[in-house]
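Secondary and tertiary structure notes
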Amino acid sequence: MVTPVSIYEKSKRSYPKKIEEWSYPSEYRVRNICKNGIIRVGKDDSIFVGTAFKGKQLGFGDIGEGIYHVWFRGFLLGYLNEHELKIYDIMEYDYVKRV
């Protein structure tokens, strides 16, 4: 019988000892994700992003007309429509038609 320990190989990939802090470009709006997975927009409005991002930061790059790219570190997640108070993923939102 083959056991896991008999076929195990140590990974050749090296990982950093500590994950570096991420900084968004200065022209981005940076928002902290609350414990319940929301971001605050203005005084009274909030948008649910997801609990997987709790305690993290998202960067919002202005496209124009209240539309923003939504970034997590170097990954484009989607688009924020500030007028609708909704985040669309990159596959379901054609921001060019709406701007």
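Here, every reference points to the structure presented above.
Residues numbered from 1 in each chain as written. Predicted model: local features only at pLDDT ≥ 70, side-chain atom pairs only at ≥ 80, totals over all residues. Heavy atoms only, no water.

**As for the sheet that holds strand β4 (residues 57-64)**
Reading across the sheet, the five strands line up as β1-β4-β5-β6-β7 and stay open at both edges, with antiparallel pairing between neighbours. Looking at the sheet topology across the chains shown, the edges are occupied by β1 (29-32) and β7 (86-89). Neighbour-to-neighbour, the strand axes of the sheet open up by a mean angle of 35 degrees, direction not taken into account. (Pairing = 2+ DSSP bridges. Helix = DSSP H or I, 4+ residues; strand = E, 2+ residues; numbered from the N terminus. Axes fitted to C-alpha atoms, helices over the stretch in contact; angles between N-to-C directions.)

**Overview of the environment of S46**
Note on placement: S46 falls in strand β3 (residues 45-48). By relative accessible area, S46 is classed as partly exposed at 34%. Along the sequence, S46 and K86 sit 40 residues apart, while their C-alpha atoms lie 9.3 Å from each other. Among residues more than four places away in sequence, those in contact with S46 are I38, I39, R40 and V41. (Buried < 20%, exposed > 50% of the residue type's maximum accessible area, 1.4 Å probe, protein only. Contact = heavy atoms within 4.5 Å.)

**Notes on the pairing of β7**
Sheet topology note: the strand β6 (residues 75-81)/β7 ladder contains four bridges and is antiparallel. In the strand pairing of β7, G78 is matched with D89. In this antiparallel pair of consecutive strands, β6 and β7, the connection spans four residues, and L85 shows a positive phi of 55 degrees.

**A short note on the packing of aromatic side chains**
On inspection of all chains with the given rule, the structure shows three aromatic pairs. Centroid distance Y24 to Y28: 6.3 Å. Interplanar angle 25 degrees. Geometry classified as stacked. Exposure remark for Y24: the relative accessible area of 13% places this residue in the buried category. With a centroid separation of 5.3 Å and an interplanar angle of 65 degrees, the aromatic rings of F53 and F72 are classed as edge-to-face. You can see F53 sitting in the loop between β3 and β4 and its partner F72 sitting in strand β5 (residues 67-72), a full 19 residues away along the chain. Accessibility assignment for this pair places F53 and F72 in one class, buried. An aromatic cluster is present here, built from W22, Y24 and Y28 joined pairwise through their rings. (Phe/Tyr/Trp six-rings, centres within 6.5 Å; stacked < 30°, edge-to-face > 60°.)

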